[in-house]
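Survey of secondary and tertiary structure
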Amino acid sequence: MNTILAPEQLAEEGRELYGRGDYAGAAGRFEQAAEGYRLAGEVVLAAEMANNVSVARLQAKDATRALAAVEGTAAVFQQAGDRLKQALAYGNRAAALDALGRLDEAEAEYGRSSALLKELGENDLRADVMKALTALQIRSGRNLEALASMDIGLAGVKNPSLKQRLLTKILGFVRKQLKLG
């Protein structure tokens, strides 16, 4: 006998699978939950699950499907007025593009995410986005831009960790040596 699970149950199973490191299994559950929410007319919840699919697919090293999953979700969140989820969707799309080597597009999406997170005062999340952007810029051989991105990302962190404080001091030293600040 097949039991039909509610989207909430599927989402919970997805979170459990993700926590156990079964990223492909988690993505499958999140996809099922997204479809259940879509059928119920819950487009925002469906978009949330699609973002979860994207994150899980990236962890499973399936960037193509991660990008496909996240496409269009930022627009859903924008229409719903949920700017935080919109910013996170931009970041998820950027990560998928980054993994696919589409670096210019990824950089633009990281920029959108960062700008929106800045407007929202979400400095810790913005620092994470800027860290990813910094890594992309380093891989692209744009080290000065990477330093600037890292500096921007760390600037708004309210309670920086020891590592973040050390990075801030190092960046200050580098700026001074380069006479940038």
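1. Digging into the overall build of the protein chain
- Across its full length, the protein chain holds ten helices and zero strands.
- The order of α-helices and β-strands along the protein chain, N terminus first, is α-α-α-α-α-α-α-α-α-α.
- Burial status across the protein chain gives 35% buried among its 181 residues.
- At a minimum sequence separation of 6, the contacts of the protein chain that also span at least 24 residues come to 48%.
- Roughly 10,400 Å² of accessible area belongs to the protein chain as shown, and the carbon and sulfur atoms make up 55% of that amount.

2. Things to note about unusual backbone geometry
- Phi angles above zero are rare outside glycine, and Lys 61 is one such case at about 65°.
- In this structure Lys 61 comes out as exposed when scored by relative accessible area, which is 73%.

3. Quick notes on the packing of helix α5 (residues 73-80) against helix α6 (residues 83-99)
- Contact geometry for α5 and α6: axes closest at 8 Å, N-to-C directions at 170°. What the angle tells us is that α5 and α6 run roughly antiparallel. Between α5 and α6, the contacting residues are Thr 73, Ala 74, Phe 77 and Gln 78 on the first element and Lys 85, Gln 86, Ala 89 and Tyr 90 on the second.
- Taken together, the residues of the contact of α5 with α6 sort by class into four nonpolar, three polar and one charged.

4. What about the layout of surface pockets?
- Approximately 190 Å³ is the volume attributed to the second largest pocket.
- Every residue along the wall of the second largest pocket is listed here: Leu 88, Gly 91, Asn 92, Ala 95, Tyr 110, Ser 113, Leu 125, Asp 128, Val 129 and Ala 132.
- Sorting the residues of the lining of the second largest pocket by element identifies α6, α7 (103-120) and α8 (123-139) as the ones contributing at least two each.
- Here the lining of the second largest pocket is built from residues that sort into six nonpolar, three polar and one charged.

5. Remarks on the pattern of salt bridges
- The final tally for this structure, using the stated rule, is 14 salt bridges.
- Glu 31 serves as the salt-bridge partner of Arg 65, at 4.0 Å between the closest nitrogen and oxygen. Separated by 34 residues along the polypeptide, Arg 65 in helix α4 (residues 63-70) and Glu 31 in helix α2 (residues 23-39) bring together distant segments of the chain.
- A residue is classified by how much of its surface remains accessible, and Arg 65, at 44% relative accessible area, is partly exposed.
- The closest approach of N and O atoms between Glu 119 and Arg 83, which form a salt bridge, is 2.1 Å. Note that Glu 119 is positioned in helix α7 and Arg 83 in helix α6, a separation of 36 residues in sequence.
- Taking relative accessible area as the criterion, Arg 83 reaches 34% and is therefore assigned partly exposed.
- One continuous salt-bridge network, built from bridges that share partners, spans Glu 31, Arg 57, Asp 62 and Arg 65.

6. Describing the side chain of Asn 92
- By the secondary structure assignment, Asn 92 is in helix α6.
- Not counting the four nearest positions on each side in its chain, Asn 92 is found in contact with Asn 51, Ser 54, Val 55, Leu 58 and Val 70.

Criteria and cut-off values
Counting restarts for each chain, with residues numbered from 1 along the sequence as it is written. In keeping with the model being predicted, local features are shown solely for residues with a pLDDT of at least 70 and side-chain atom pairs are shown and tallied solely at 80 or more, while totals for entire chains, interfaces and linings include all residues. Here the side-chain values reflect all heavy atoms present in the structure, with hydrogen atoms and water set aside. Only runs of H or I of at least four residues qualify as helices and only runs of E of at least two qualify as strands under DSSP, and these elements are numbered from the N terminus. For every residue, the accessible area (1.4 Å probe, protein chains only) is compared with the maximum for its type, and the residue is labelled buried under 20%, exposed over 50%, or partly exposed between those bounds. Contacts are assigned to residue pairs that have any heavy atoms within 4.5 Å of one another. Computed with the Shrake-Rupley method and a 1.4 Å probe, the accessible areas treat only the protein chains shown as cover for residues. As a rule, the C-alpha atoms of each element are fitted with a line to give its axis, helices using only the stretch in contact, and angles between N-to-C directions run from 0 to 180 degrees. By definition in this entry, angles of less than 35 degrees are roughly parallel, angles greater than 145 are roughly antiparallel, angles of 65 to 115 are roughly perpendicular, and the rest are oblique. Residues were grouped as follows: Ala, Val, Leu, Ile, Met, Phe, Trp, Tyr, Cys and Pro as nonpolar; Asp, Glu, Lys and Arg as charged; and all remaining residues, including Gly, as polar. In the cavity and pocket records, a cavity denotes points on a 1 Å grid over the protein atoms alone where a 1.4 Å probe fits but cannot get out, a pocket denotes an open set with protein on both sides within 12 Å along at least 5 of 7 lines, and lining residues are residues with an atom within 4 Å of a point. Grid points are joined across faces, edges and corners, and a volume is the space filled by probe spheres set on the points. For this document, the term salt bridge refers to a Lys or Arg side-chain nitrogen within 4 Å of an Asp or Glu carboxyl oxygen.

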